[in-house]
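# Structural description and commentary
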Amino acid sequence: MKKYLKSIIAIAAISVMTLSLAACGSNKTTEENNNTTTTEGENTTGGEKETLVVATNAEFPPYEYYEGQDIVGIDVEIMKAIGEKLGMEVTIEDMAFDSIIPAIQSGKADIGAAGMTVTEDRLANVDFTDTYCHASQAIIVNAANEEIKTAADLEGKTIGVQLGTTGDMYAGDVTENVERYNKGFEAAMAVAQGKIDAVVIDDQVAKSLAEGNADLKVLEEPFTEEDYAIAVSKDNTELTEKINAALVELKEDGTIQSIIDKYITE
Ligand code: GLN
């Protein structure tokens, strides 16, 4: 009986694991849609592999960043794994974050993978796949700052954000003084130099920005919670479905979690 119970618990644990959204190191899990669609994922264009052009902004460690000449990171590896499932050659195109959705709309890129949060506004312009990562917007302040301890303390403060990101959207809810930077790194430098009070940026990126800089600290309390997904053209629902099927497999076989664990250790 005891043994029987154990295996039930083990099975239950496995299903929870496969159905929960990869937490990306934030210690939180979210139930996701249980997508049961399956696809062969192979494309048969006679030998030549079709190309999957992925738009990203390689200023976003650990999701996408440069290592020498190469763009590496969680999203890049997940896209390669999806490309493999779909039998497609993955090409990564680096661009400004706010150019990614226009690139998908104009057909310059097939998909966007850039730690991109699913938002209502974006859903008006692109479709999103199922989510693959749970994240949050974190608050970075100067290490010497004793005044800002929680999100509530940001009211009216000068907040730096990366242009066009969810941090940009939400900071405007608590202050009129939003400073927009092209790169999260530039915003972090401004806090370190005391030019602005805080930065609102994705949690893992905040950690990696603060890691190498003793003048910065990341507050424990997140500003918001959100989920990342891959953006696809509204005209290409077939691709969205194929990617969703690949994501189900990559979640179930542990590939996504092992990619995340490679970059995020907690
Ligand atoms: N998650 C944030 C957003 O979607 C930031 C993404 C990014 O800067 N790459 O707006």
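Figured I'd write up the structure that's included with this text. Just so it is clear, the model here is predicted, and its values are computed rather than measured.

## A closer look at the overall build of the protein chain
Along its length, the protein chain carries nine helices and 14 strands. Scored against the burial criterion, the 266 residues of the protein chain give a buried share of 51%. Here the contacts in the protein chain between residues at least 6 apart in sequence split such that 72% fall between residues at least 24 apart. Accessible surface for the protein chain amounts to roughly 13300 Å². Of this, 49% is attributable to carbon and sulfur atoms.

## Some words on the site of the ligand
Taken together, 13 residues are adjacent to the ligand, and Ala114, Gly115, Arg122, Thr166 and Asp202 come closest. Here an oxygen atom of the ligand and a side-chain polar atom of Arg122 are 2.7 Å apart. The separation between an oxygen atom of the ligand and a polar side-chain atom of Gln162 is 3.0 Å. The protein chains hide 100% of the 300 Å² of surface that the ligand would expose on its own.

## A short note on the packing of helix α2 (residues 74–86) against helix α8 (residues 237–252)
Where α2 meets α8, the axes come as close as 9 Å, and the angle between the chain directions of the two elements is 110 degrees. Taken together, the axes of α2 and α8 lie roughly perpendicular to each other. From α2, Ile78, Ala81, Ile82, Lys85 and Leu86 reach across to α8, where they touch Leu239, Lys242, Ile243, Ala246, Leu247, Glu249 and Leu250. Residues that form the contact of α2 with α8 fall into these classes: nine nonpolar, no polar and three charged.

## Side note on the nonpolar core
Among the nonpolar cores identified, the biggest contains 50 residues, and Ile78, Met79, Ile82, Ile111 and Ile243 are the most heavily contacted of them. By residue number, the principal contributor to this core is α2, which donates six residues. Excluding its chain neighbours within four sequence positions, the residues that come into contact with Ile82 are Ile230, Ile243, Ala246, Leu247 and Leu250. Among the nonpolar cores identified, the runner-up in size contains 15 residues, and Met95, Phe97, Ala103 and Ala114 belong to it.

## Some thoughts on the environment of Ala144
With respect to the helices and strands, the residue Ala144 is situated in the loop between β8 (133–142) and β9 (159–162). The class of Ala144 is exposed, set by a relative accessible area of 62%. Each C-alpha atom, one on Ala144 and one on Ala214, is 9.9 Å from the other, the two residues being 70 residues apart in sequence.

## Looking at the packing of aromatic side chains
The full count for this structure, using the stated rule, is three aromatic pairs. Ring plane angle 85 degrees and centroid distance 6.5 Å describe the contact between Tyr65 and Tyr263, whose orientation is recorded as edge-to-face. Note that Tyr65 is positioned in strand β3 (residues 64–67) and Tyr263 in helix α9 (residues 255–263), a separation of 198 residues in sequence. Following the ring pairs from residue to residue traces out a cluster consisting of Phe60, Tyr63 and Tyr228.

## Some thoughts on the sheet that holds strand β14 (residues 231–232)
Sheet architecture is open: five strands sit in the order β5-β1-β6-β14-β7, paired in mixed fashion. The sheet is open, and its two edges are formed by β5 (88–94) and β7 (127–128), each paired on a single side. Where strand β1 (residues 50–56) lies against strand β6 (residues 111–112), two bridges are found, and the strand directions are parallel. Note on β6: the bridge partner recorded for Ala55 is Gly112. Against the sheet, α2 contacts β1, β5 and β6, and its axis sits at roughly 150 degrees relative to β5.

## Comments concerning the pairing of β1
Along β1, five of the seven residues are buried, which leaves the element largely enclosed by surrounding structure. Where β1 and β5 come together, seven bridges link them in parallel fashion. Directly across from Val53, in β5, lies its bridge partner Thr91.

## Let's talk about the environment of Glu179
Mapped onto the fold, Glu179 is located in strand β10 (residues 178–181). Glu179 gets classed as partly exposed once you look at its relative accessible area, which sits at 39%. Sequence spacing of Glu179 and Val199 is 20 residues, and the spatial spacing of their C-alpha atoms is 9.1 Å.

## A closer look at the pattern of salt bridges
Applying the stated criterion across every chain yields a total of seven salt bridges. Glu249 is the partner of Lys85 in a salt bridge, and the nearest nitrogen-oxygen pair spans 2.9 Å. Placement of Lys85 in helix α2 and of Glu249 in helix α8 is noted, with a sequence separation of 164 residues between them. Since its relative accessible area comes to 30%, Glu249 is described here as partly exposed. Salt-bridge contacts for Lys157 lead to Glu147; the nearest nitrogen and oxygen are separated by 3.1 Å.

How each quantity is defined
- Residues numbered from 1 in each chain as written.
- Predicted model: local features only at pLDDT ≥ 70, side-chain atom pairs only at ≥ 80, totals over all residues.
- Heavy atoms only, no water.
- Helix = DSSP H or I, 4+ residues; strand = E, 2+ residues; numbered from the N terminus.
- Buried < 20%, exposed > 50% of the residue type's maximum accessible area, 1.4 Å probe, protein only.
- Contact = heavy atoms within 4.5 Å.
- Areas by Shrake-Rupley, 256 points an atom, 1.4 Å probe, with all protein chains shown as cover.
- Near = heavy atom within 4 Å.
- Polar contact = N/O pair within 3.5 Å; in protein donor to acceptor, adjacent residues only side chain to side chain.
- Axes fitted to C-alpha atoms, helices over the stretch in contact; angles between N-to-C directions.
- Parallel < 35°, antiparallel > 145°, perpendicular 65-115°, else oblique.
- Nonpolar A, V, L, I, M, F, W, Y, C, P; charged D, E, K, R; others polar.
- Core = buried A, V, L, I, M, F, W, Y, C linked by side-chain atoms within 4.5 Å.
- Phe/Tyr/Trp six-rings, centres within 6.5 Å; stacked < 30°, edge-to-face > 60°.
- Pairing = 2+ DSSP bridges.
- Salt bridge = Lys/Arg side-chain N within 4 Å of Asp/Glu carboxyl O.

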